[in-house]
Amino acid sequence: MPHSGPRAAAYALAWVFALALAVDLLWMPVQVGDSLGEILAARSSSSIWTSFTGSFGSEAYLRPLRIAQIKGLFDLALGSHYWLVYRGFHALLIVAALLLFVRALRVSTVTDLAAAACALVVLVGLHTFRGVVQEAFPINHFLEMVVLCLIALNLTQARPSVWVDVGAVFTFVAAALTLESGLLVWVVAVAAWVVGWRGVSARGLAAMTVLVIGYAYVRFVLLSTGVPALSERSSGYLLEMLDPQELQRRFGSQPIRFYAYNVAASVSSVLFTEPQDGVFETVYSWLHRQPMWRVALPVATSVLTTGLLLWSAARRLRHTRMFDDGARTMVVSAAVLAANATLSFAYTKDEIMSVAGAFYALAAYAAVRDAVSRGASLRPAPSMVCALLLCALATGWSIRAVGVHYVLRSQAVKHQIDWVELPERWKRDGNWPSDPAEQQLILLLRDDAIASTLPNTRLGRPEWPDRLWLE
């Protein structure tokens, strides 16, 4: 099969990345945080259908499949294998995301393979990706959105057929009924169709558009489901985190100003790694004379990568004949970034931008491939400078990607300690349930967490990893 060598190598590299992350996840206990409450709610639900229909009363969200999935996995655990089912599903999603990512690159040459390797470390190293492996709910639904949007992209690149259209429609329904960012599946399909990827036909796109209109009608008219209010949660703004009371005091009469900041901050976060969760950490660290390595390296690598993207885009605009798959990827990625940021208007959170982050890495693949191809045609001195810059960029992103593993190992120990302390803390605070079945479930989850043999990252380690990777 032509070009099978570089393509197979790209998939092999994706498997290495995916399995390494999967192992980290399978070492991590189910978190106490938001996970335990969701699992207890799933236990009290009589069926998956009850969980699905019961979520329609929410005032700010329409996420029936999110609750139904948690209940479905709870039942699949058969009363004892909760850690295996929830963490196993998380690991499978990671594997699916990275394989779908590489498939969308359509690697065919050695140059493509080199660019794909760089794109993978960009994907894993992004702060938006960190959220999809450490976010605290039983199922990481932000990672699901990444997977479903990558499925949609791969469908648009496929050979047109009625089954591709059916797959795109079902992908949209599953995504939209899980999280609001599931609407990005439709954005991916529309943007891909506009640039010439028409695996999803006009008929399939029309069906998806009808579903978008139906979603809006059901949510905002039939169910009168609103949007998240300022009083719901804390959010970052410039150099500080503001609690709900302060948000209402500052922006209650003019929320548009706060919403505009959130959209702009979300775009900037993907392109430059600042702000994170709405807070400009680099500026804050500099003003307060805090160590800069943890914030400086991510910003530097993102600025250089975004600069490379702008160079590649400008070069393609000057040469219209260069509107190839790389240009198509950049246009689709820009559309996803704009739409994802718009959906983040209510509050800023890195995980919400995880889909845009994945598509940013896709665009980086196209830009790096352009730079490698262009550098090979330059005179020796400029070619050497180009190679050194690309090596420095890849090294910086690789350091960021390695940090994800360190963070997950550190967090696994933290979760284990949380489970050790949980019963006494809940009893002291009056939160310990009176239902014997709930007590038994909590103690089972606790036993699973404590039984995990974890490397203790808190003893006998140097300080520099914390300064470089931990918050």
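Thresholds applied
Residues numbered from 1 in each chain as written. Predicted model: local features only at pLDDT ≥ 70, side-chain atom pairs only at ≥ 80, totals over all residues. Heavy atoms only, no water. Core = buried A, V, L, I, M, F, W, Y, C linked by side-chain atoms within 4.5 Å. Buried < 20%, exposed > 50% of the residue type's maximum accessible area, 1.4 Å probe, protein only. Helix = DSSP H or I, 4+ residues; strand = E, 2+ residues; numbered from the N terminus. Contact = heavy atoms within 4.5 Å. Salt bridge = Lys/Arg side-chain N within 4 Å of Asp/Glu carboxyl O. 1 Å grid on protein atoms, 1.4 Å probe; cavity = no way out; pocket = protein on both sides within 12 Å on 5 of 7 lines; lining within 4 Å. Points joined across faces, edges and corners; volume = space filled by probe spheres on them. Nonpolar A, V, L, I, M, F, W, Y, C, P; charged D, E, K, R; others polar. Disulfide = S-S within 2.5 Å. Expected span 1.5 Å × (residues − 1). Polar contact = N/O pair within 3.5 Å; in protein donor to acceptor, adjacent residues only side chain to side chain. Phe/Tyr/Trp six-rings, centres within 6.5 Å; stacked < 30°, edge-to-face > 60°. Lys NZ or Arg CZ within 6 Å of the ring centre and 35° of its normal. Lys, Arg positive; Asp, Glu negative; His and termini not counted.

Colleague: It is not clear to me how the nonpolar core should be interpreted in this structure. Could you clarify?
Modeller: It is characteristic of soluble globular proteins that their nonpolar side chains tend to be buried jointly. In this structure, Phe101, Phe129 and Phe359 are the most contacted members of the largest nonpolar core, which totals 101 residues. No other element matches helix α17 (residues 354-376), which puts 14 residues into this core. Setting aside chain neighbours within four positions, we find Phe101 in contact with Ala119, Leu120, Leu123, Leu150, Ala358, Ala361 and Leu362.

Colleague: Honestly, the pattern of salt bridges in this entry has me stumped. Any pointers?
Modeller: Two side chains of opposite charge can pair, provided their charged atoms sit close to one another. In the structure shown here, the tally under the stated rule is 16 salt bridges. Notably, a salt bridge pairs Glu38 with Arg66, separated by 3.1 Å at the nearest N-O pair. Here Glu38 is found in helix α2 (residues 33-44), whereas its partner Arg66 is found in helix α4 (residues 64-76), with 28 residues between them in sequence. The same class applies to Glu38 as to Arg66, namely buried. A salt bridge links Arg63 to Glu180; the shortest N-O distance between them is 2.8 Å.

Colleague: Sorry, what's going on with the layout of surface pockets here?
Modeller: Picture a little ball the size of a water molecule; that probe, rolled over the atoms, points out where space is still empty. Reported here for the second largest pocket is a volume of approximately 380 Å³. The wall of the second largest pocket is formed by 20 residues, among which Glu180, Arg219, Pro228, Leu343 and Phe345 lie closest to the centre. With five residues, helix α11 (residues 202-222) is the largest single contributor of residues to the lining of the second largest pocket. When the residues that make up the lining of the second largest pocket are grouped by side-chain class, the tally is 15 nonpolar, two polar and three charged.

Colleague: Looking at this structure, how should I read the state of the cysteines?
Modeller: Cysteine pairs can be covalently joined through their sulfur atoms, and such a bond is termed a disulfide. What the rule picks out here adds up to zero disulfides. Looking at the unpaired Cys118, the closest cysteine sulfur is the one in Cys391, lying at 9.6 Å. On the basis of relative accessible area, Cys391 is assigned to the partly exposed category, the value being 48%.

Colleague: Looking at this model, I keep getting lost on the environment of Ala96. Mind explaining?
Modeller: For Ala96, the position within the fold is in helix α5 (residues 82-105). The partly exposed category is assigned to Ala96, whose relative accessible area is 26%.

Colleague: What is the right way to read helix α16 (residues 325-343) from this model?
Modeller: Taking 1.5 Å of rise per residue, 19 residues should cover 27 Å, and α16 covers 27 Å from first to last C-alpha, within 8% of that figure. Put simply, Asp324 is the residue that caps the front of α16, since its side-chain oxygen is 3.1 Å from the backbone nitrogen of Gly326.

Colleague: Explanation requested: the packing of aromatic side chains in the structure shown.
Modeller: Aromatic ring pairs are described here by two measures, namely the spacing of the ring centres and the angle between the planes. A complete count under the given rule lists six aromatic pairs for this structure. A ring pair is formed by Tyr259 and Phe345, whose centres lie 5.0 Å apart and whose planes are at 90 degrees; its orientation type is edge-to-face. Highlighted residues: Tyr259 in helix α13 (residues 255-272) and Phe345 in the loop between α16 and α17, separated in sequence by 86 residues. Given a relative accessible area of 25%, Phe345 falls into the partly exposed group. By the ring-pair criterion, three or more aromatic residues cluster together here, those being Tyr237, Phe258, Tyr259, Tyr261 and Phe345. The ring of Trp193 carries the charged tip of Arg198 above its face, separated from the ring centre by 4.0 Å. Directly above the aromatic system of Trp432 lies the positively charged group of Lys427, at a separation of 5.2 Å from the ring centroid.

Colleague: Would you take a moment to explain the environment of Gly167 for this structure?
Modeller: Tracing the sequence through the fold places Gly167 in helix α9 (residues 162-176). Given the relative accessible area of 24%, Gly167 is considered partly exposed. Remark: the alpha-carbon pair of Gly167 and Leu223, spanning 56 residues in sequence, is separated by 27 Å.

Colleague: Can you walk me through the side chain of Glu144 in this structure?
Modeller: Counting through the fold element by element, Glu144 comes out in helix α8 (residues 141-156). One buried charge, Glu144, has no salt-bridge partner; the nearest side chain with opposite charge is Arg66, at 8.5 Å. Apart from the residues within four sequence positions on either side, Glu144 is in contact with Gln69, Phe89, Leu93, Ile139 and Thr178.

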